[in-house]
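# Residue-level structure breakdown
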Amino acid sequence: KKHQYTSGWWNVYIQIRTDNSGNVTRFDVLRPETDGALERIFVEQVKREVSRWTFDPTPAEIIVDVRFHVE
């Protein structure tokens, strides 16, 4: 419910690793540091969007930093 959430800015900071084929092999959530209900919603949304992306076929470490504003 809306009254249960705090308004303001929420950041999701994820480190992604890819393999030789450009497939995502690992997601490490660096921020938020807590695992509440609202945090999980934002993290899952970012993961869902990143899974649609294509990456170069080379091992890489990629940082994704997303900022949400909740009213």
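These numbers come from a predicted model, not from an experiment. In this numbering scheme, every chain counts its residues from 1 along its sequence in written order. It should be noted that, the model being predicted, local features are given only for residues of pLDDT at least 70 and side-chain atom pairs only at 80 or more, the latter also being counted only at that level, while totals for whole chains, interfaces and linings use all residues. Here the side-chain values reflect all heavy atoms present in the structure, with hydrogen atoms and water set aside.

### Some words on the overall build of the chain
Here a strand is any run of E in DSSP of at least two residues, a helix any run of H or I of at least four, and the numbering for each starts at the N terminus. The helix and strand inventory of the chain stands at one helix and three strands. Element order for the chain, N to C, with α for helix and β for strand: β-β-α-β. Expressed along its principal axes, the backbone C-alpha trace of the chain runs to roughly 45 × 20 × 15 Å. Residues counted as buried form 28% of the 71 residues belonging to the chain. Using a 1.4 Å probe, accessible areas were evaluated by the Shrake-Rupley method; residue-level cover was limited to the displayed protein chains. Total accessible area on the chain is roughly 5200 Å²; 46% of this is exposed by carbon and sulfur atoms. Only four residue types enter the charge count: Lys and Arg as positive, Asp and Glu as negative, with His and the chain ends excluded. Taken as the charge location is NZ of Lys, CZ of Arg, CG of Asp or CD of Glu. Taken as two groups, the 10 positive and 11 negative side-chain charges of the chain have centres that lie 6 Å from each other. Burial status follows relative accessibility: with a 1.4 Å probe on protein chains alone, a residue under 20% of its type maximum counts as buried, one over 50% as exposed, and anything between as partly exposed.

### Quick notes on the packing of aromatic side chains
For Phe, Tyr and Trp, rings pair up if their centres lie within 6.5 Å, where Trp contributes its six-membered ring, and each pair is then called stacked (planes under 30 degrees apart), edge-to-face (over 60) or tilted (otherwise). Tallied over the entire structure, the rule returns three aromatic pairs. Taken together, a centroid distance of 6.0 Å and an interplanar angle of 45 degrees make the contact between Trp10 and Phe42 tilted. In this pair, Trp10 is assigned in strand E1 (residues 8-18) and Phe42 in helix H1 (residues 37-50), connecting sequence segments 32 residues apart. Aromatic side chains Phe42 and Phe68 sit 4.4 Å apart centroid to centroid with 20 degrees between the ring planes, which places their arrangement in the stacked category. Residue Phe42 is found in helix H1, and its partner Phe68 is found in strand E3 (residues 60-70); the two are separated by 26 residues along the sequence. No difference in accessibility class separates Phe42 from Phe68, as the two residues are buried.

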